[in-house]
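# Summary of structural features
Single-letter residue listing:
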Amino acid sequence: MMSSTFILRFPSAPQHIAGPALVPSRKPSKFRRYRYSRGIIPGVEFRDYARESDDRLDLLTGALLIARDAHPGLDIAEQRARLDELARPLQKHGLSRMPPSVQARLLSDYLYVVCGFRGAKNDYYDPRNSFLNDVLDRKTGIPITLAVVYIEVARRLGVDALGVGFPGHFLV
């Protein structure tokens, strides 16, 4: 296997992000592409949305509907725009053309080192850790809400990322 080094510079980063660049896998992607809704019909509740067939569900829409239950005035379009802005600094780097291991490393370093997202340690069961808008505000969440941020930023960059539930864990 050949390797080289890549370096990305971010003005707000405490240090440069660097790591090995690996030869891309020749295996075809088995990730299923989901349709992503750009809007949410006013008055749709999460419990009604969750009854839809899996192929009609959208991760971000579901997460925002859950947050809207706790925050009735939540501006859904604004939350989507916040994720767009979060992804914007990486768009010029062409992550979608990089090997999957490099995509994962760069996206993780960007979100968790540069942007400061982190897991909830002091109060894991704080309800704010479960609402996407609060996670974006506080940059603190539980594994599943941090995974939603990761998956949605990845999607905006053309990178395939899916969440997988394990006993006692949630992985991307």
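Each value, and the rule that gives it
- Residues numbered from 1 in each chain as written.
- Predicted model: local features only at pLDDT ≥ 70, side-chain atom pairs only at ≥ 80, totals over all residues.
- Heavy atoms only, no water.
- Helix = DSSP H or I, 4+ residues; strand = E, 2+ residues; numbered from the N terminus.
- Expected span 1.5 Å × (residues − 1).
- Buried < 20%, exposed > 50% of the residue type's maximum accessible area, 1.4 Å probe, protein only.
- Contact = heavy atoms within 4.5 Å.
- Polar contact = N/O pair within 3.5 Å; in protein donor to acceptor, adjacent residues only side chain to side chain.
- Axes fitted to C-alpha atoms, helices over the stretch in contact; angles between N-to-C directions.
- Parallel < 35°, antiparallel > 145°, perpendicular 65-115°, else oblique.
- Left-handed = near helix turned anticlockwise from the far one by under 90°.
- Nonpolar A, V, L, I, M, F, W, Y, C, P; charged D, E, K, R; others polar.
- Salt bridge = Lys/Arg side-chain N within 4 Å of Asp/Glu carboxyl O.

Here we come to helix 3 (residues 76-91). Between its first and last C-alpha, helix 3 extends 23 Å over 16 residues, near the 22 Å set by a 1.5 Å rise per residue. Among the residues making up helix 3, those that are buried are I76, Q79, R80, L83, L86, A87 and L90. Buried residues in helix 3 make contact with helix 2 (59-70), helix 4 (100-114), helix 5 (132-138) and helix 6 (143-156). Structurally, the start of helix 3 carries an N-cap: the backbone nitrogen of A77 is 3.1 Å from a side-chain oxygen of D75.

Relative orientation and spacing of two packed helices are given, respectively, by the angle between their axes and the distance between those axes. Running from amino to carboxyl end, helix 2 crosses helix 3 at an angle of 130°, the nearest separation of the two axes being 11 Å. Comparing their axes, helix 3 and helix 2 come out oblique. Crossing of helix 2 against helix 3: the hand is right-handed. Of helix 3, the residues touching helix 2 (which contributes L60, T61, L64 and R68) are I76, Q79, R80 and L83. In the contact of helix 2 with helix 3, the residues fall into four nonpolar, two polar and two charged.

A side chain with one charge can pair with a side chain of the opposite charge if their charged atoms come near. Under the defined criterion, the tally for this structure stands at eight salt bridges. With its nearest N and O atoms 3.8 Å apart, the salt bridge here joins D58 to R80. Taken as a pair, D58 in the loop between helix 1 (46-49) and helix 2 and R80 in helix 3 lie far apart in primary sequence, 22 residues in all. A salt bridge links E152 to R156; the nearest nitrogen and oxygen atoms lie 2.8 Å apart. Placement of both E152 and R156 in helix 6 is noted, with a separation of four residues, approximately one turn of the helix. Pair check on accessibility: E152 and R156 agree, each one buried. Taken together, the shared-partner salt bridges in this structure form one network comprising D84, E152, R155 and R156.

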